[in-house]
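Chain residues, written in single-letter form:
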Amino acid sequence: MCCIYSCGNESTFQNRFVSDIPLEVHSFFEYEDGNIIRMWADDDLIYISSDPDNAVKLFDYSGNLSATFGKNGEAPWENGTVWGFGKDSDAYWVHDYPKMALKKYALENDSMLFFRRFETKHNVLYVGDNRFLIPRFDVEDGVFYISLYDAIDDTFIKEIDICKLTNIFDKLPPFGDYTFQGDFCKNDEGQAIFFCMFNSSFFFMDTELDKIKHYTDIRALPISKPIVSNQQIRLDPMNCGILTGTLDEEYVYFISPKYKETMWYNVKDFLLDIYDINSKEYIKSFDIPLWQGKYPPLKISKTSHGLVVAYYGGIIVVYNDFSMHI
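Residues numbered from 1 in each chain as written. Predicted model: local features only at pLDDT ≥ 70, side-chain atom pairs only at ≥ 80, totals over all residues. Heavy atoms only, no water.

1. Describing the overall build of the protein chain
Spelled out, the test is: The secondary structure listing takes helices from DSSP runs of H or I that are at least 4 residues long and strands from runs of E that are at least 2 residues long, numbered from the N terminus. Remark: exposure states derive from per-residue accessible area (1.4 Å probe, protein chains only) relative to the maximum for the residue type, with buried under 20%, exposed over 50%, and partly exposed in between. Whether two residues are in contact is decided by their heavy atoms: any pair within 4.5 Å suffices. For accessible areas, the Shrake-Rupley method is used with a probe of radius 1.4 Å. Any residue's cover is judged against the shown protein chains and nothing else.
A count of helices and strands for the protein chain gives one helix and 28 strands. Counting all 326 residues of the protein chain, 57% fall into the buried class. A sequence separation of at least 24 residues applies to 50% of the contacts in the protein chain between residues at least 6 apart. By element, 47% of the accessible surface of the protein chain is carried by carbon and sulfur atoms, the whole surface being about 14,100 Å².

In structure tokens:
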């Protein structure tokens, strides 16, 4: 199922109920091997891609290094910046953005098993069985899709017409290879989210792209006239949308600005907005503090340990489970 939520930003946190209960830090550790690019987490490990080493490093929840996958280099089997990572029982995939490639490696010895050159300017999501969810713009027909892509067979299995779904078909610029500025996340139940940083909407879907349904959130900001900046579509150029998101089996979690801002570097106050994953109804928000009063959040993931937040400045923080307060 694929759903769209509109996520508006007012000058205040209008219509959002902000809990007065602060999030409690359970543990944290410093990442000292470069700048964090992406962070993912499951119940066992925290996965970090960074530069300039361009590897994926695995840590336990005490901050101990468990393993390192890949290394920096110009050869096909070496990495540029890793934008995406996904793991199976015996192999893992990376999305190597500078090389415009999807690459498969053996977990046992870290040897490359497969290389697929695939040009995309966007984040992609590995969903298992050698398949990815990939946003793409078809230049010939002028349609923006979210596609289920088989990297081994080099085929698009299913595609969702986002222009038709969001009624922006006649609003997009007529020419250009561009994509939405945003990212993906998924849970263990086969549900996924695609959210946009300059947008009033996000997309909730199953990883097979079977069904589509539309919702709006508590603020319900309409989609305005899109603009294109550096080949990135901003559906709502006057508002910062969703910075990062995650979901578990019960809730959808987004980090968004507490107050209206047009540029992300101006945002100093953040909220964690929570929605029921079944009813799609907004529940409440929590304040997300800057780490040490100065470092904003970068990526989040929800696990059995709590909310895992990667901050700018190389800090990984695990906040205690707060489900009892939702």
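Back to the text.
2. A look at the sheet that holds strand 5 (residues 56-59)
The test is simple: Strand pairing follows a simple DSSP-based rule, namely that at least 2 bridges must link the two strands. Helix axes are fitted to C-alpha atoms over the stretch in contact, other axes to C-alpha atoms as well, and angles between N-to-C directions run from 0 to 180 degrees.
If you trace the four strands from one edge of the open sheet to the other, you get 3-4-5-6, paired in antiparallel fashion. Of all strands in the sheet, those with a lone pairing partner are strand 3 (35-41) and strand 6 (65-69), marking the two edges. The sheet shows a mean angle of 25 degrees between the axes of neighbouring strands, direction not considered. Looking at chain direction, strand 5 and strand 6 are connected through four bridges and run antiparallel. Its bridge partner being in strand 6, phenylalanine 59 is matched across the sheet by leucine 65.

3. Concerning the nonpolar core
Where we set the bar: Among buried residues, the Ala, Val, Leu, Ile, Met, Phe, Trp, Tyr and Cys ones that are joined through side-chain atoms within 4.5 Å form a nonpolar core.
By size, the foremost hydrophobic cluster in this structure holds 24 residues, and its most contacted members are Trp264, Leu272, Ile288, Leu307, Tyr311, Tyr319 and Phe322. When sequence neighbours within four positions are dropped, the list of residues in contact with tyrosine 319 reads Leu23, Glu24, Val25, His26, Pro289, Trp291, His305, Gly306, Leu307, Val309 and Tyr311. In this structure, Phe144, Ile146, Phe194 and Cys196 belong to the second largest nonpolar core, which totals 16 residues.

4. Remarks on the pairing of strand 3
One face of the sheet, then the other: side chains in a regular strand alternate in exactly this way. Burial analysis of strand 3 places five of its seven residues in the buried class, which makes it a mostly covered element. In terms of strand pairing, strand 3 meets strand 4 (residues 46-51) through six bridges, oriented antiparallel. Among the inter-strand pairings, asparagine 35 is bridged to a residue of strand 4, identified as aspartate 51. Hairpin connection from strand 3 to strand 4: four residues lie between these consecutive antiparallel strands.

5. Considerations on the sheet that holds strand 26 (residues 297-303)
Note on sheets: strands pair through backbone hydrogen bonds, and any given pair is parallel or antiparallel. Sheet architecture is open: four strands sit in the order 2-28-27-26, paired in antiparallel fashion. Edge positions in the sheet fall to strand 2 (25-30) and strand 26, since each of these pairs with one other strand and no more. Strand-to-strand twist in this sheet, taken as the mean axis angle between neighbours without regard to direction, amounts to 15 degrees. The sheet contact formed by strand 26 and strand 27 (residues 306-311) spans six bridges and is antiparallel. Paired with threonine 303 across the strands is glycine 306, a residue of strand 27.

6. A closer look at the packing of aromatic side chains
Stated formally: Each aromatic pair joins two rings of Phe, Tyr and Trp (for Trp, the six-membered one) with centres within 6.5 Å, and gets the label stacked for planes under 30 degrees apart, edge-to-face for over 60, and tilted for any other angle. Over a ring means this: the NZ of a Lys or the CZ of an Arg is within 6 Å of the ring centre and within 35 degrees of the ring normal.
Inspection of every chain in the model, using the stated rule, returns 28 aromatic pairs. Considering the side-chain rings of phenylalanine 29 and phenylalanine 59, the 5.4 Å spacing of their centres and the 35 degrees angle between planes classify their relative orientation as tilted. Here the residue phenylalanine 29 occupies a position in strand 2, and phenylalanine 59 occupies one in strand 5, the gap between them amounting to 30 residues. For the residue pair phenylalanine 29 and phenylalanine 59, the accessibility class agrees, reading buried in each case. For the ring pair phenylalanine 194 and phenylalanine 203, a centre distance of 5.7 Å and an interplane angle of 25 degrees mean the geometry is stacked. Residues phenylalanine 194 and phenylalanine 203 agree in their burial class; the two are buried. In this structure, lysine 280 is placed above the aromatic ring of phenylalanine 204, and the distance from its NZ or CZ to the ring centre is 5.2 Å.

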